[in-house]
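Spelled out, the chains give:
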Amino acid sequence: MKTPFQNFTGIAATMPAANINTDAIIPASFLRTAHADMGKGLFGLLRYDDEGKERPDFVLNREPFRRASILFAGENFGCGSSREAAAWALKQFGFKCVFAPSFADIFYENAFRNGVLAAVVAPEDLEALTALPPEGNVQPFFEVDLSAGTIARMDGTVVAFRIAASRRDALIRGDDEIDMTLKHADDIAAFHAEGLIARPWLHAPLTQKERS
Amino acid sequence: MKTLDDGRDLLFVDRHVLQETTSAPAFEGLRRRGLRVRHPELTIATQDHIVSTEPGRTETTNPQGRELMTLMRRNSADNSIRHFGVEDPRQGIVHVIAPELGVALPGSVLACGDSHTSTAGGLGALGIGVGTSEVEHVLATQTLALARPRAMRIDFQGKLPQGVTAKDVILHAIGLFGIAAGQGHAIEYAGEAIRVLPVEARLTICNMSIEIGARLGLIAPDEATFAYLQGREFLPEQAVLDRAMASWRMLASDAGAGFDKELTVDCSKIAPQVTWGTTQEDVVGIDRPVPDVGAFTDAAQRDRATEAMRYMDVVPGKPLEGLPVDIAFIGSCTNARLSDLEAAAVVIEGRKVAAHVRAMVVPGSMSVKRAAEAKGLDKIFRAAGFEWRDAGCSMCVSINQDVVGPGKRCIATTNRNFENRQGPRSRTHLASPAMVAAAAVAGAITDVRKMIAS
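Bear in mind the structure is a predicted one, so any value in this text is a computation, not a measurement.

## A word on the overall build of chain A
Phase 1: The helix and strand tally for chain A stands at 10 helices and 7 strands.
Phase 2: When each of the 212 residues of chain A is scored for burial, the buried share is 52%.
Phase 3: Partitioning the intrachain contacts of chain A with sequence separation of at least 6 by distance along the chain shows that 64% fall at a separation of at least 24.
Phase 4: When the accessible area of chain A is evaluated, it comes to approximately 9,500 Å², of which 54% is carbon and sulfur surface.
Phase 5: Separation of charge centres in chain A, based on 22 positive and 28 negative side chains, amounts to 4 Å.

## A few points about the packing of helix α11 (residues 338–348) of chain B against helix α13 (residues 377–384) of chain B
Residue and element names in this part refer to chain B.
Phase 1: Where α11 meets α13, the closest approach of the two axes is 10 Å, and the angle between their N-to-C directions is 45°. The orientation of α11 relative to α13 falls into the category oblique. Between α11 and α13 lies a crossing whose hand is left-handed. Residues Leu 338, Leu 341, Glu 342, Ala 344, Ala 345 and Ile 348 of α11 touch α13, and the partners they reach there are Leu 377, Ile 380, Phe 381 and Ala 384.

## Thoughts on the state of the cysteines
Phase 1: Per the stated rule, a full pass over the model turns up 0 disulfides over all chains.
Phase 2: Take Cys79(A): it sits in no disulfide, and the sulfur closest to it among the cysteines is that of Cys396(B), at 15 Å.
Phase 3: Counting only cysteine sulfurs, Cys396(B) is the nearest neighbor of Cys410(B), a cysteine outside any disulfide, at a range of 10 Å.

## With respect to the pairing of strand β4 (residues 43–46) of chain B
All names here are of chain B.
Phase 1: Burial along β4 is two-sided: the residues Thr 43 and Ala 45 and Ile 44 and Thr 46 are all buried.
Phase 2: Sheet topology note: the strand β3 (residues 15–19)/β4 ladder contains 4 bridges and is parallel. Bridge assignment links His 16 to a residue of β4, and that residue is Thr 43.
Phase 3: Sheet topology note: the β4/strand β5 (residues 82–84) ladder contains 3 bridges and is parallel. The residue of β5 that forms the bridge with Ile 44 is Arg 82.
Phase 4: Tracing the backbone out of β4, into helix α2 (residues 66–78) and back to the parallel element β5 gives a crossover that is right-handed.

## Some remarks on the pattern of salt bridges
Phase 1: This model, assessed by the stated rule, comprises 41 salt bridges over all chains.
Phase 2: In this structure, the salt-bridge partner of Asp155(A) is Arg153(A), at a minimum N-O distance of 2.8 Å.
Phase 3: Look at Asp155(A) and you get partly exposed, because its relative accessible area is 38%.
Phase 4: Since its relative accessible area comes to 10%, Arg153(A) is described here as buried.
Phase 5: Among the ionic contacts, a cluster of salt bridges with common partners joins Glu109(A), Arg113(A), Arg167(A), Glu177(A), Asp6(B) and Arg8(B).

## Quick look at the interface of chain B and chain A
Phase 1: Across the contact, 77 residues belong to chain B and 55 residues belong to chain A.
Phase 2: Each partner contributes to the roughly 5,700 Å² buried at the junction of chain B and chain A, and carbon and sulfur atoms together form 55% of this total.
Phase 3: Contact with chain A buries surface across chain B, with Met1(B), Gln183(B) and Glu233(B) losing the most and accounting together for 9% of the total.
Phase 4: Summed over the shared surface of chain B and chain A, the number is 6 salt bridges.

## Details of empty space enclosed by the protein
Phase 1: One pass over the full model with this rule turns up 6 cavities of 30 Å³ or more.
Phase 2: Counted as a void, the largest cavity has a volume near 380 Å³.
Phase 3: Around the largest cavity, the lining comprises 32 residues; the ones closest to its centre are Arg83(A), Gln19(B), Thr21(B), Thr22(B) and His49(B).
Phase 4: Contributions of two or more residues to the lining of the largest cavity are made by α4 (85–93) of chain A together with α1 (20–33) of chain B.
Phase 5: Counting residues per element, the lining of the largest cavity draws most heavily on α1(B), at 3 residues.
Phase 6: Here the lining of the largest cavity spans two domains, and each of domain 1 (2–146) and domain 3 (273–453) of chain B adds at least three residues to it.

## Observations concerning the layout of surface pockets
Phase 1: Of the pockets and cavities examined, the second largest pocket occupies roughly 1,200 Å³.
Phase 2: Split into classes, the residues belonging to the lining of the second largest pocket amount to 17 nonpolar, 9 polar and 15 charged.

## Comments concerning unusual backbone geometry
Phase 1: Here Glu63(A) and Pro64(A) are connected by a cis peptide whose omega angle stands at 0°.
Phase 2: With respect to the helices, strands and loops of the structure, Pro64(A) is situated in the loop between α3 (44–47) and β2 (68–73).
Phase 3: At Phe43(A), a position not held by glycine, the phi torsion is positive, near 50°.
Phase 4: Relative to the elements of secondary structure, Phe43(A) occurs in the loop between α2 (38–41) and α3.
Phase 5: The class of Phe43(A) is buried, set by a relative accessible area of 0%.
Phase 6: The residue Ser398(B) is not glycine, and still its phi comes out positive at about 50°.
Phase 7: Structurally, Ser398(B) can be placed in the loop between β17 (387–388) and β18 (409–412).
Phase 8: Residue Ser398(B) is classed as buried on the basis of its relative accessible area of 5%.

## Examining the sheet that holds β3(B)
The strands making up a sheet associate through hydrogen bonds between their backbones, and the pairing can be parallel or antiparallel.
All names here are of chain B.
Phase 1: Read across the open sheet, the 5 strands follow the order β5-β4-β3-β6-β7; overall the sheet is parallel. Looking at which strands have only one partner, the edges of the open sheet turn out to be β5 and β7 (126–129). This sheet shows a mean twist of 20° between the axes of neighbouring strands, independent of strand direction.
Phase 2: Packing against the sheet, helix α4 (residues 132–141) makes contact with β3 and β6 (109–112), and its axis sits at approximately 135° to β3.

## So, the environment of Asn19(A)
Phase 1: Within the fold, Asn19(A) resides in the loop between β1 (8–15) and α1 (22–25).
Phase 2: Of note is the side chain of Asn19(A), whose polar atom sits 3.1 Å from the side chain of Asn76(A).

## Some words on the domain arrangement of chain B
Residues and elements named next belong to chain B.
Phase 1: For chain B, the assigned domains are domain 1 (2–146), domain 2 (150–266) and domain 3 (273–453).
Phase 2: For domain 1 and domain 2, the distance between their C-alpha centroids amounts to 23 Å.
Phase 3: On the domain 2 side, the residues contacting the 29 residues of domain 1 number 23 residues.
Phase 4: Regarding the contact of domain 1 and domain 2, the summed buried area is about 2,200 Å², with carbon and sulfur atoms giving 63% of it.
Phase 5: Linking domain 1 to domain 2 there are 2 salt bridges.
Phase 6: Arg 90 serves as the salt-bridge partner of Glu 233, at 2.9 Å between the closest nitrogen and oxygen.
Phase 7: Scanning the region where domain 1 abuts domain 2 turns up 12 residue pairs in polar contact (both at pLDDT 80 or more).
Phase 8: Considering each element in turn, the side of domain 1 that touches domain 2 owes the most residues, 4 residues, to β7.
Phase 9: Of the residues that constitute the side of domain 1 that touches domain 2, the class distribution is 14 nonpolar, 11 polar and 4 charged.

## Some thoughts on the nonpolar core
Phase 1: Among the nonpolar cores identified, the biggest contains 124 residues, and Phe43(A), Phe77(A), Leu90(A), Phe381(B) and Phe386(B) are the most heavily contacted of them.
Phase 2: No other element matches the 8 residues that helix α14 (residues 433–442) of chain B contributes to this core.
Phase 3: Apart from the residues lying within four places of it in its own chain, the contact partners of Phe381(B) are Ile330(B), Leu341(B), Ala344(B), Ala345(B), Ile348(B), Val361(B), Phe386(B) and Trp388(B).
Phase 4: By size, the runner-up hydrophobic cluster in this structure holds 30 residues, among which are Ile154(B), Ile170(B), Ile212(B) and Val265(B).

Here is what the cut-offs are and how they apply
- Residues numbered from 1 in each chain as written.
- Chains lettered and ligands numbered in written order.
- Predicted model: local features only at pLDDT ≥ 70, side-chain atom pairs only at ≥ 80, totals over all residues.
- Heavy atoms only, no water.
- Helix = DSSP H or I, 4+ residues; strand = E, 2+ residues; numbered from the N terminus.
- Buried < 20%, exposed > 50% of the residue type's maximum accessible area, 1.4 Å probe, protein only.
- Contact = heavy atoms within 4.5 Å.
- Areas by Shrake-Rupley, 256 points an atom, 1.4 Å probe, with all protein chains shown as cover.
- Lys, Arg positive; Asp, Glu negative; His and termini not counted.
- Charge placed at Lys NZ, Arg CZ, Asp CG, Glu CD.
- Axes fitted to C-alpha atoms, helices over the stretch in contact; angles between N-to-C directions.
- Parallel < 35°, antiparallel > 145°, perpendicular 65-115°, else oblique.
- Left-handed = near helix turned anticlockwise from the far one by under 90°.
- Disulfide = S-S within 2.5 Å.
- Pairing = 2+ DSSP bridges.
- Right-handed = clockwise from strand over helix to strand, strands pointing away.
- Salt bridge = Lys/Arg side-chain N within 4 Å of Asp/Glu carboxyl O.
- Buried area = accessible area lost by both parts, 1.4 Å probe.
- 1 Å grid on protein atoms, 1.4 Å probe; cavity = no way out; pocket = protein on both sides within 12 Å on 5 of 7 lines; lining within 4 Å.
- Points joined across faces, edges and corners; volume = space filled by probe spheres on them.
- Domains from an automatic or database assignment.
- Nonpolar A, V, L, I, M, F, W, Y, C, P; charged D, E, K, R; others polar.
- Polar contact = N/O pair within 3.5 Å; in protein donor to acceptor, adjacent residues only side chain to side chain.
- Core = buried A, V, L, I, M, F, W, Y, C linked by side-chain atoms within 4.5 Å.

Here it is as structure tokens:
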């Protein structure tokens, strides 16, 4: 069991650039030990200057976005390296969801595995959400309802996001993927046993030849 | 092996390859669950990302990498997994050693916690790059649950001109279709230009599938594939191999197979490619200028390109040729196999690296290093002024000691030219081994075809 995803209201930060890659989300320099503070490393080289001081113009260094739990991002978010630390860093910072017009395949899976909601929102809907209402200075609070599949801004603007029903339900239940797969343990064992006879080049133990 | 209730396929993982920077938390998770590695005999591990590449290095040469390297070695020993650490003659980059050891096989499902796992697609294997949770999933269950990707075929037509390599072909394709073209797809690379490529070049093409947005990419196995596999260390005994061959001959797509997306590339007019920006689609032939900012009609794309040109310090509308480089790097899972080193050696033989350039060769594996030395390539590289190092990911990922300095310009045979990829504020130009060798000698980005001709 994982912590089930619950509907919430939170602050959204916007990073509209396309193709934000996982190197940008968590730079390699934060991956040299097994227990680094990933939340601090999130967007490390965008957030801090060469001396390690915060760059004041970066969105997550500004109030109220230091407390953001929702990220509105551009297309192909999370492309590049498979590093799951990208999802860990977002989660440890406090992000519970990322909404973007599209996601890179491996990041999408990694986010899901960590209970971070990654869901697709049409570009025009993202624009509608992130455009400031005419009166301005409205707090950037949004309500995320996973079962309904909607994001609502406090002024009443509501848009839908897309997620496969099975993924949605798994997040709401807090399914653990490994536990779910272990329910098929007998089938896996049978498949392997059958493969030993039918496809021994794939299923028999890897065996080294004598090195010449 | 079966379809799950939610429509995903549960795939049995025939081969699991581990590396030190993405596996430690997976073993920790396994211990918390009280589970054991389900099939250690189908699993191999190596140290590649964080290792020192200093000749004669050991596990302690890079003190910063020691923790993760020790964990990889210990987790392997505790779980009876074969481990090819820096002391082992088989050590190398995961995607280089899986094919060269005969661990990756046509039709096999191979998983690895690294996005370039599709490299094994060059042998017709289904190489799946995964995150750490999925590494744990494979360790615990020997399976992966995967939504069936859409199918894409890229047909590479025509013959490659002289001086043009697999690297140029795949970079050109990424330039044409963009870095997100393959999202949600598995790509089959096909066509006459692919069929004539040697297996190592096919590995280069499939390696960069993730850079065109696809997690999976492969090339149908053929006689060249089978010849490549002969004598590899982990191949099954001959009787089993004969049966395997018979099954592999049936793997190619049917002539009438349907694809969700079909694209075509004319290879006959490709020039050697060099990237000018900070994504792999920012690429031009060496005989063409960096695009004018005005060529980008979309405002967001124009802003992005402008920022990329500023970061890279290149001039819109001007050619890259003549741009001085500080570092020339030959290495990585994309281009550090024996044929890559040979292609570079042909260019530099009898020449010298320009005085201001640091030039390095980091072979993809220690086997590649030994094979190159047997052919005398090390002497050619050293005589020209190249560093001749031990195997690892090195400057491609710069999580180790090999880093391009701030503001420095590096031409590299690697796969990612992202901002800060080779170290903070590094500038990366991706190119083929021959083009990197040519730039090392010229001291600036140059057209290798002029050097081959002269």
